[in-house]
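Chain by chain, the residues run as shown.
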Amino acid sequence: NCIVFQNYNDEEVIVSGTIPVTNNWSQWSQNSNVWKTTVAQDVWQLFVDGKSMTGARWPNVQKDWMEPDSGDGHNPTPFSYWDQETTWATITDSSSWGHLVNDDLKFDLSSQNKSYEGGILVGFRCLATGNNIFNALITNHVAGTADLYHAKEQYGESPNESQPASGARYFIEGHINCLDAPGEWFYDKDTGELYAWFHDGGSPSGRMIEGKVENFALALTDSEFLDFRGITLFGAAFKLDQTYDTT
């Protein structure tokens, strides 16, 4: 027989991987559309009234994570994360491993006049990375320039640069300077400060704001014959390892 985990008397049961963000908010001095607060735990996803916001990035996406999307890398929805032609930047032939030169004719990094040093470069087919998505710390970037220098640890100092620059795509995240559009948010791990630009441009007042702090609400190993009923997961998942006959 199965072991049954079930809500009691049809009560609503939500197992969440989030915590409520309840500290006071204030408008950010550098942009009055952005609100900031502090949180006691690292958060890596932000929900407002049950909907996921989009992590701040450059270039921006125009289709937010909260919007249903059936696209993928082979059939991308225009202006979504998947559409590398409209939401990922490109590099020039002057680039080399560890030093990417942005193609300002497509997305003008120089005219941003912001430094993204300390942010994270997310790249695809960047000279030596194959078809893998890779992340690298931006170790040097001067505002007003197209030159991005990134850490080389993932593929070494001098990998085989077998891929042409014309096929490379990348975007930048993990930096406060990426926060420039409604619906975006950013968390500074060093200071514990959380920033959000709400979709309607309003204040945090009256909103249910939650930050994700757990990936898994329950982890099962070497289990079987389990039955879960009437339980809703929010901002988390069940991790099943060597677990069978479970519904």
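This text goes with the structure placed above it.
In this text, all values refer to a predicted model and were calculated from it rather than measured experimentally.

Enquirer: I would appreciate a short explanation of the packing of aromatic side chains in the present structure.
Expert: Any pair of aromatic rings gets described here by the distance separating the centres and the angle formed by the planes. Under the criterion given, the structure shown has 15 aromatic pairs. A ring pair is formed by Tyr-81 and Phe-171, whose centres lie 6.1 Å apart and whose planes are at 80 degrees; its orientation type is edge-to-face. Of this pair, Tyr-81 sits in the loop between strand E9 (57-58) and helix H1 (84-87) while Phe-171 sits in strand E14 (residues 169-173); the two residues are 90 residues apart in sequence, bridging distant segments of the chain. For Phe-171, a relative accessible area of 4% translates into the label buried. Note on Trp-88 and Phe-171: the rings are 4.9 Å apart at their centroids and 90 degrees apart in plane angle, and the pair reads as edge-to-face. Placement of the pair is Trp-88 in the loop between H1 and strand E10 (99-101) and Phe-171 in strand E14, with a sequence separation of 83 residues. With respect to burial, Trp-88 and Phe-171 carry one shared label: buried. These aromatic residues form a ring-pair network of at least three members: Tyr-81, Trp-82, Trp-88 and Phe-171.

Enquirer: Would you mind showing me how to read the side chain of Gln-163 here?
Expert: Tracing the backbone shows Gln-163 in the loop between strand E13 (147-150) and E14. For Gln-163, a relative accessible area of 18% corresponds to the buried category. From its side chain, Gln-163 meets the backbone nitrogen of Thr-129 in a polar contact 3.3 Å long. Among the polar contacts made by the side chain of Gln-163, one reaches the main-chain amide nitrogen of Gly-130 at a distance of 2.9 Å. Apart from the residues lying within four places of it in its own chain, the contact partners of Gln-163 are Arg-125, Cys-126, Leu-127, Ala-128, Thr-129, Gly-130 and Asn-131.

Enquirer: What exactly am I supposed to notice about the pairing of E14 here?
Expert: One face of the sheet, then the other: side chains in a regular strand alternate in exactly this way. The buried fraction of E14 is high, at four of five residues. Bridge count between E9 and E14: two bridges; the pairing is antiparallel. Of the residues in E14, the one forming a bridge with Arg-57 is Glu-173.

Enquirer: Is there a simple way to explain the environment of Leu-148 in this structure?
Expert: Position of Leu-148 among the secondary structure elements: in strand E13. Exposure remark for Leu-148: the relative accessible area of 1% places this residue in the buried category. When the C-alpha atoms of Leu-148 and Leu-109 are compared, they prove to be 9.8 Å apart, with 39 residues separating the residues in sequence. Not counting the four nearest positions on each side in its chain, Leu-148 is found in contact with Gly-98, His-99, Leu-100, Leu-109, Leu-121, Ile-138, Asn-140, His-141, Tyr-170 and Ile-172.

Enquirer: Help me out: how do you make sense of the sheet that holds strand E19 (residues 224-229) in this one?
Expert: Sheet strands line up and pair through hydrogen bonds in the backbone, either parallel or antiparallel. Within the open sheet, the three strands sit side by side as E1-E19-E22. Their pairing is parallel. In the strand order of this sheet, the two ends are held by strand E1 (3-6) and strand E22 (244-246), each with one partner. Sheet twist, expressed as the average angle between the axes of neighbouring strands with direction ignored, equals 20 degrees. One ladder, built from two bridges, connects E19 with E22; its direction is parallel. Note that in E22 the partner of Leu-226 across the bridge is Thr-246.

Enquirer: What is the right way to look at the nonpolar core in this model?
Expert: A general tendency of soluble globular proteins is for nonpolar side chains to be buried together. Ranked by size, the top nonpolar core spans 27 residues in total, and within it Trp-58, Tyr-170 and Ile-172 carry the most contacts. Breaking this core down by element, the ones donating at least two residues are strand E12 (133-140) and E14. The leading source of residues in this core is E12, at three residues. The residues contacting Trp-58, other than those within four sequence positions of it, are Ala-89, Asn-102, Phe-107, Asp-108, Leu-109, Gln-112, Tyr-116, Tyr-170, Phe-171, Ile-172 and Cys-178. One finds Val-21, Val-39, Val-43 and Ala-196 within the second-largest nonpolar core, a separate group that totals 15 residues.

About the cut-offs
Residues numbered from 1 in each chain as written. Predicted model: local features only at pLDDT ≥ 70, side-chain atom pairs only at ≥ 80, totals over all residues. Heavy atoms only, no water. Phe/Tyr/Trp six-rings, centres within 6.5 Å; stacked < 30°, edge-to-face > 60°. Helix = DSSP H or I, 4+ residues; strand = E, 2+ residues; numbered from the N terminus. Buried < 20%, exposed > 50% of the residue type's maximum accessible area, 1.4 Å probe, protein only. Polar contact = N/O pair within 3.5 Å; in protein donor to acceptor, adjacent residues only side chain to side chain. Contact = heavy atoms within 4.5 Å. Pairing = 2+ DSSP bridges. Axes fitted to C-alpha atoms, helices over the stretch in contact; angles between N-to-C directions. Core = buried A, V, L, I, M, F, W, Y, C linked by side-chain atoms within 4.5 Å.

Honestly, that's just the spatial picture; any functional story needs more than this.
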